[in-house]
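Chain and residue survey
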Amino acid sequence: MASLMVGPLLFPSGNGYKTWEDPSFIKWNKRDPHVTLRCHDSIEASLKYWYERNKVDLSVSKSAVWNDDAVPVALENAASWVQQLPFVKSLSGYWKFFLAPNPTTVPDNFHQTAFQDSDWPTLPVPSNWEMHGFDRPIYTNFVYPFPLDPPHLPQDNPTGCYRTFFTIPKEWQGRRIILHFEAVDSAFCAWVNGVPVGYSQDSRLPAEFEIPDYCYQFGSDRKNVLAVQVLRWSDGSYLEDQDHWRISGIHRDVLLLAKPQVFIADYFFNSNLSDNFSHADIQVEVKIDDSRETLKERELANYVIEAALYDTGSWYNRDGHVDLLSSNVANLTLSTPTSGSHGFNGYILVGKLEKPKLWSAEQPNLYTLVVVLKDASGYVIDCESCLIGIRQVSKAPKQLLVNGQPVVIRGVNRHEHHARIGKTNIESCMIKDLVLMKQNNINAVRNSHYPQHPRWYELCDLFGMYMIDEANIETHGFILSGHLKHPTEEPSWASAMMDRVIGMVERDKNYACIISWSLGNEAGYGPNHSASAGWIRGRDPSRVVHYEGGGSRTSSTDIVCPMYMRVWNILKIAKDPNETRPLILCEYSHAMGNSNGNLHEYWEAIDNTFGLQGGFIWDWADQALLKESADGSKHWAYGGDFGDFPNDSNFCLNGLVWPDRTAHPALHEVKYVYQPIKVSLREGILKIKNNNFFETTEEMEFSWAVHGDGCELGSGILSFAVIEPQSSFDIDWKSGPWYSLWASSDAEEIFLTITTKFLHSTRSVEAGHIISSTQVQLPAKREIVPHFIKPKDIVPSTEVLGDIIKIKQQNLWEIKLNVRTGMLESWKVAGAPIMNKGIFPCFWRAPTDNDKGGDQSSYCSRWKAAHIDSLSFVTKSCSIETPADNLVKIIVVYLGVLKSEDGSFEEGKSNALFNIDMIYTIYGSGDIIVESSVKPNSDLPPLPRIGVEFHLEKSVDQIKWYGRGPFECYPDRKASAHIGFYEQSVAGMHVPYIVPGESGGKADVRWVTFQNKDGLGIYASVYGNSPPMQMNASYYPTAELDRATHIEELIKGDDIEVHLDHKHMGLGGDDSWTPCVHEKYLVPPVPYSYSIRLCPITAATSGYDIYKSQLQN
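Residues numbered from 1 in each chain as written. Predicted model: local features only at pLDDT ≥ 70, side-chain atom pairs only at ≥ 80, totals over all residues. Heavy atoms only, no water.

This part is about the overall build of the protein chain. Counting its regular elements, the protein chain contains 18 helices and 58 strands. A globule of 1113 residues ought to have a C-alpha radius of gyration of about 32 Å, and the protein chain, at 33 Å, matches this closely. Overall, the protein chain is about 110 × 70 × 55 Å in size when its C-alpha atoms are taken along their principal axes. Residues classed as buried in the protein chain amount to 63% of the 1113 residues present. Intrachain contacts of the protein chain at a sequence separation of at least 6 include 73% that bridge at least 24 residues. Split by element, the accessible area of the protein chain, about 39900 Å² in all, is 50% carbon and sulfur. Put simply, the protein chain has 100 plus and 135 minus side-chain charges, and the middle of one group is 2 Å from the middle of the other. (Helix = DSSP H or I, 4+ residues; strand = E, 2+ residues; numbered from the N terminus. Rg over C-alpha atoms; globule rule 2.2 N^0.38 Å. Buried < 20%, exposed > 50% of the residue type's maximum accessible area, 1.4 Å probe, protein only. Contact = heavy atoms within 4.5 Å. Areas by Shrake-Rupley, 256 points an atom, 1.4 Å probe, with all protein chains shown as cover. Lys, Arg positive; Asp, Glu negative; His and termini not counted. Charge placed at Lys NZ, Arg CZ, Asp CG, Glu CD.)

This is how it looks when you write it as structure tokens:
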């Protein structure tokens, strides 16, 4: 009778009732949540399944695809996940599909077997329909993509109608058939052969329906018709307001499971380690499903339940044939039956494991648990299995402990996201994420903000990744309503919220990687959260509970877990004697575009403060989608690019990697601050500390290299005893093998670099992979004195032609300077044109995403309000002096002024925002010493930069420098960038952020050369007492980087724009919506003076030689 009623519920009734707008109606005919089932037919088959399934490593990641090829690969992947499972069948493939504008316009009787769908197009399942041309994806942060009127939804509610066919193998005769949907967004109803079989909400958890009564006979030639109706929006969508793309459909696998009449329906593994971790008492709680509803006592009389553990790690250490059964290390036997907790109604099996190999992110040791149901004669009726890890999660004052150790969370947030296929998963792509994370010292992931594909958890178990598993609950958009309460405060939403929490825990309870459950994200705080936290603590006391809502310190969280809290504030909490919980930032260091400044400051605090235990960077990958342009090319698109409204533009681009998982430069900084081997030099002692909690340095190789003024003086292997976890090796730096090189060197700066590599390959890295690398500066051998040149008695020739003064030295070099403007108009070296415009002041940069954050209070808004972006430099005066035969001195006074509405300049001194004195001293040797004094108006905001700009011919595209590199770095994001000698092309300097802005800079540059293919060009360096520079060179003018909103829109200029900055503002990154560059990295509007040396260079000399010639011995 119920089945006859539920079908019509998907359509509005005469009284206006709509199933999908009723928070109390969240499921019908849906089986209880449980762990992922495999339906093995024997113990041997289950072990062989895991033997093959565990063979994943970094080689698999190399086959990850991010383009159109991902579509067929996703289908192949879905089918491959059920290989070797004789009683599991994948229904992945191309289904017939029709998209109706709303539920009332779906084709009549489309779910009936006789319906003709021949003219319908097809859609791959799993997939999101918006990724295949149906409707449009919507990106919004927290503004709901429909009017906020819970639980009501707009009439325009795209509704997907799916149809496919399946047969049931005759080998499944007599078994119970279960239809399993891994996840469907957002609500759906399914029919088999025209009969409704179930309804479900929750876009990120499975839904199962038992269907044998509705299928044709086993082995029949008649094909069963499966029809599914999916609503884009449902009342459940009010609980799914996460910051990501809103895309719909059957986006995870659809399976058929065949189970015997009595079968293992669920099981929960737990272990209790002894105080010294020498043994573990192990327990499995098993739930049996008996279609005959046999009394529990009679089940025990007719059936036998067994369980055993097998040492998975031992399978791959042997040559040739592997006897999987011989890896048995523990057997569990039935204990006194119990009703379980919270209605689990299970049987308890117990055992003991001696000398367990513990699981941690550093040492992800795993066992295979096999649970067997036998009949009275000993015949295997059903068999289930999973990977399990023996580990203990516990609490201590201000500490979260794993296996008794206060592990530090070096984490990142991760959405499920693929630029081509949206929320659909591919195993090689998941492995690519894990490999990159492990290679960059990331040891923890927060599933933001929903349960993810089951294979993700298995892979995190295998690769070693601590995890916060998060319920699919976010109601962020409710903050925009003054009259609506968050659902957590409303009893009408209680069952829906609890259902999502229970479903997550019951599905994922056996994964070792999960150390904490999360109640969701940004959903306010109220009684429904308290109830959920209480349920979790009762159901699973082996893990902690996390929830940031309500201020990150409510009674519903075991961790103080703020987001984007500033360093000084997390320190206050850590030092609060009344706060006994550890602090782990659930989100920090917002990686939007060119960002992640100040990261090292967080880790200086975390590494040195009891009670601070790490955090999760926001977030892993730029969430752009591939979009086809009019010319057929593909580009990465963000909010609004699909005509979606509302949208939050490029706020989805917050990744440490691009959508194709190419690393952003900031990932180097993450790897550095997260590195487990820390090196420091203090008071003459070089300390090498192993910050691991379980791994020694036995499998690592330490090497050293010492460089003087950028040149390698020597290198070698550093040998010492194995460093135990949380221990260090100390050495007087003068006792090291580098000391004699230091003592004999005449270099001004000498740096020692200690590098740690893996000796052998692991699942995630190849042998030789660099774990950590730290550079320390060795003590100076003498006092550092200002850098000056010793001018030679070479007399240049000088010629004045109107406003142009031409200064040259034979055919070696020639400079033309406009005496009216004071600017260089050309600079030739050996007859080749090098510079075509310069050298003039510059204070503006193309705003980064962080610069734009904060609306009218943003740095960008304040800069533009002060007209720093539209300055013109007028020459107040320009004079020429020849104080000696071998030099010419040109003295220029510039005023940085605004243009009037009529285009003229407001040249009055009182109208000038900047007064700049520049002195060019041009020597007969070709050297130009630029001395600049800048006086900004004191009422200006913090400045983007203080420096000079000049333009080079496009042919002068080879750059060599001595400074930090080789990758992009800025004043507040440079800890990972070693000081050294580097070279790169101008094209290589460009960093292709999806939204252009300031990028590609290099910090702390001592000298730099710009040369053409023949080696002709110019050299530039700091001079006198001036500190190292910030350097940049680009084919794209600053104005162009500011104009373009997408990387593919950029148009190269006619030349190369070069910036040499005395001061450059930091990037910030504590968040991206407030101006939050730390004070020490701001450039206040105060007077500055600095000097730069420029000179011609040819292939016959080098920047190093020129630099050395100006060092004072």
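It is worth spelling out the state of the cysteines at this point. Taken as a whole, this structure holds zero disulfides when the rule is applied. Unpaired in terms of disulfides, cysteine 460 finds its nearest cysteine sulfur in cysteine 513, a separation of 5.1 Å. Accessibility expressed as a relative area gives 0% for cysteine 460, which makes it buried. Here cysteine 860 is not disulfide-linked; the sulfur of cysteine 842 is the nearest cysteine sulfur, at 15 Å. (Disulfide = S-S within 2.5 Å.)

Two elements, strand β48 (residues 914-923) and strand β49 (residues 928-936), share nine bridges in a ladder whose sense is antiparallel. Paired with methionine 918 across the strands is serine 932, a residue of β49. Adjacent in sequence and paired antiparallel, β48 and β49 are bridged by four residues, among which glycine 926 carries a positive phi angle near 100°. (Pairing = 2+ DSSP bridges.)

Across the sheet, which stays open at both edges, the seven strands sit in the order β16-β17-β20-β19-β18-β21-β22 with antiparallel pairing between neighbours. Unpaired on one side and paired on the other, β16 (262-273) and β22 (380-388) mark the two borders of the sheet. Going across the sheet, the axis of each strand differs from the next one's by a mean of 20°, ignoring polarity. In the sheet, β16 pairs with strand β17 (residues 279-290) via eleven bridges, with the strands oriented antiparallel. Among the inter-strand pairings, leucine 273 is bridged to a residue of β17, identified as alanine 280. (Axes fitted to C-alpha atoms, helices over the stretch in contact; angles between N-to-C directions.)

Read from one edge to the other, the open sheet built from seven strands follows the order β1-β10-β9-β12-β6-β3-β4, with strand pairing classed as antiparallel. Here the strands that pair on one side only, and so sit at the sheet edges, are β1 (27-28) and β4 (122-125). Sheet topology note: the strand β6 (residues 159-166)/strand β12 (residues 224-231) ladder contains eight bridges and is antiparallel. The residue of β12 that forms the bridge with cysteine 161 is glutamine 229.

Our next topic: the packing of helix α6 (residues 427-439) against helix α7 (residues 454-463). Look at α6 against α7: their axes get within 10 Å of each other, and the N-to-C directions meet at 35°. In this structure, the crossing between α6 and α7 has a hand that is right-handed. Seen from α6, the contacting residues are Glu427, Met430, Ile431, Asp433, Leu434, Val435, Met437 and Lys438; seen from α7, they are Arg455, Trp456, Leu459, Cys460 and Phe463. (Left-handed = near helix turned anticlockwise from the far one by under 90°.)

Let's shift gears to helix α12 (residues 666-674). Of all nine residues in α12, eight are buried, a share of seventy percent or more. By the burial criterion, the buried members of α12 are Ala666, Leu667, Glu669, Val670, Lys671, Tyr672, Val673 and Tyr674.

Moving on, we come to the environment of isoleucine 390. Tracing the sequence through the fold places isoleucine 390 in the loop between β22 and β23 (393-396). Taking the relative accessible area as the measure of exposure, isoleucine 390 reaches 0% and is therefore buried. Between the C-alpha atoms of isoleucine 390 and isoleucine 880, which are 490 residues apart in sequence, the distance is 80 Å. When residues no more than four places from it in sequence are discounted, the contact partners of isoleucine 390 are Phe269, Ser271, Leu273, Ala280, Ile282, Leu353, Pro356, Lys357, Leu358, Trp359, Tyr367 and Asn403.

What follows concerns the packing of aromatic side chains. This structure, assessed with the given rule, holds 49 aromatic pairs. Positioned above the aromatic ring of phenylalanine 87, the side-chain terminus of arginine 175 is 3.6 Å from the ring centre. In this arrangement the basic side chain of lysine 1052 is found over the ring face of tyrosine 1035, its NZ or CZ atom lying 4.6 Å from the centre. (Phe/Tyr/Trp six-rings, centres within 6.5 Å; stacked < 30°, edge-to-face > 60°. Lys NZ or Arg CZ within 6 Å of the ring centre and 35° of its normal.)

The contact between helix α8 (residues 494-508) and helix α9 (residues 527-539) brings their axes to 10 Å, and the two run at 30°. The angle between the axes of α8 and α9 places the two elements in the roughly parallel class. The interaxial crossing formed by α8 with α9 has right-handed handedness. Within the contact between the two elements, α8 uses Ala494, Met497, Met498, Val501, Ile502, Val505 and Glu506 and α9 uses Asn528, His529, Ala531, Ser532, Trp535, Ile536 and Arg539. Classifying every residue of the contact of α8 with α9 by side-chain character gives nine nonpolar, three polar and two charged. (Parallel < 35°, antiparallel > 145°, perpendicular 65-115°, else oblique. Nonpolar A, V, L, I, M, F, W, Y, C, P; charged D, E, K, R; others polar.)

With that settled, the discussion passes to the environment of threonine 368. Among the secondary structure elements, threonine 368 is positioned in strand β21 (residues 367-375). Taking the C-alpha atoms as reference points, threonine 368 and asparagine 328, separated by 40 residues in sequence, lie 9.2 Å from one another. Ignoring sequence-local partners within four residues, the contact set of threonine 368 consists of Leu47, Trp50, Ala308, Leu309, Tyr310, Thr312, Trp315, Ser385, Cys386 and Leu387.

Attention now moves to helix α18 (residues 1103-1110). Looking only at α18, the buried set comprises Gly1103, Ile1106, Tyr1107 and Gln1110. Down the axis of α18, the buried side of the element spans an arc of 100°, and every buried residue falls inside it. The inward-facing, buried residues of α18 contact β51 (958-965), β54 (1007-1011), β55 (1017-1022) and β58 (1088-1097). (Arc of directions from axis to C-beta.)

For arginine 543, the location among the structural elements is in the loop between α9 and β29 (544-546). Overall, arginine 543 belongs to the buried group, its relative accessible area being 7%. A polar atom in the side chain of arginine 543 sits 2.7 Å from the side chain of aspartate 540. Not counting residues up to four positions away in its chain, the partners in contact with arginine 543 are Arg391, Val393, Asp508, Lys509, Asn510, Tyr511, Ile514, Ile515 and Trp517. (Polar contact = N/O pair within 3.5 Å; in protein donor to acceptor, adjacent residues only side chain to side chain.)

Here the bond from valine 125 into proline 126 is cis, since omega is 10°, no more than 30 degrees from zero. Locating proline 126 in the fold gives a position in the loop between β4 and β5 (138-140). Cis geometry marks the peptide bond from phenylalanine 645 to proline 646; its omega dihedral reads 0°. Residue position: proline 646 is located in the loop between β33 (634-637) and α12. Phi angles above zero are rare outside glycine, and asparagine 598 is one such case at about 70°. Of note, asparagine 598 is situated in the loop between β30 (583-588) and α11 (599-608). We note that alanine 830 has phi near 55°; this positive angle belongs to a residue other than glycine. Residue placement: alanine 830 occurs in the loop between β44 (823-829) and β45 (832-842). Judged by relative accessible area, which is 43%, alanine 830 ranks as partly exposed.

Attention now moves to the side chain of asparagine 598. Classification of asparagine 598 by relative accessible area gives buried; the value is 0%. Excluding residues that lie within four positions of it along the chain, asparagine 598 makes contacts with Asp972, Gly1068, Gly1069, Asp1070, Cys1076, His1078 and Tyr1081.

Below, the discussion takes up the pairing of β45. Most of β45 sits inside the fold, with eight of its eleven residues counted as buried. In textbook terms, the turn of a hairpin is the stretch between consecutive antiparallel strands, and for β44 and β45 this stretch comprises two residues, one of which, alanine 830, has a positive phi near 55°. Relative to strand β50 (residues 945-952), β45 runs antiparallel, the two sharing five bridges. Considered in β50, the bridge of proline 841 is made with valine 948.

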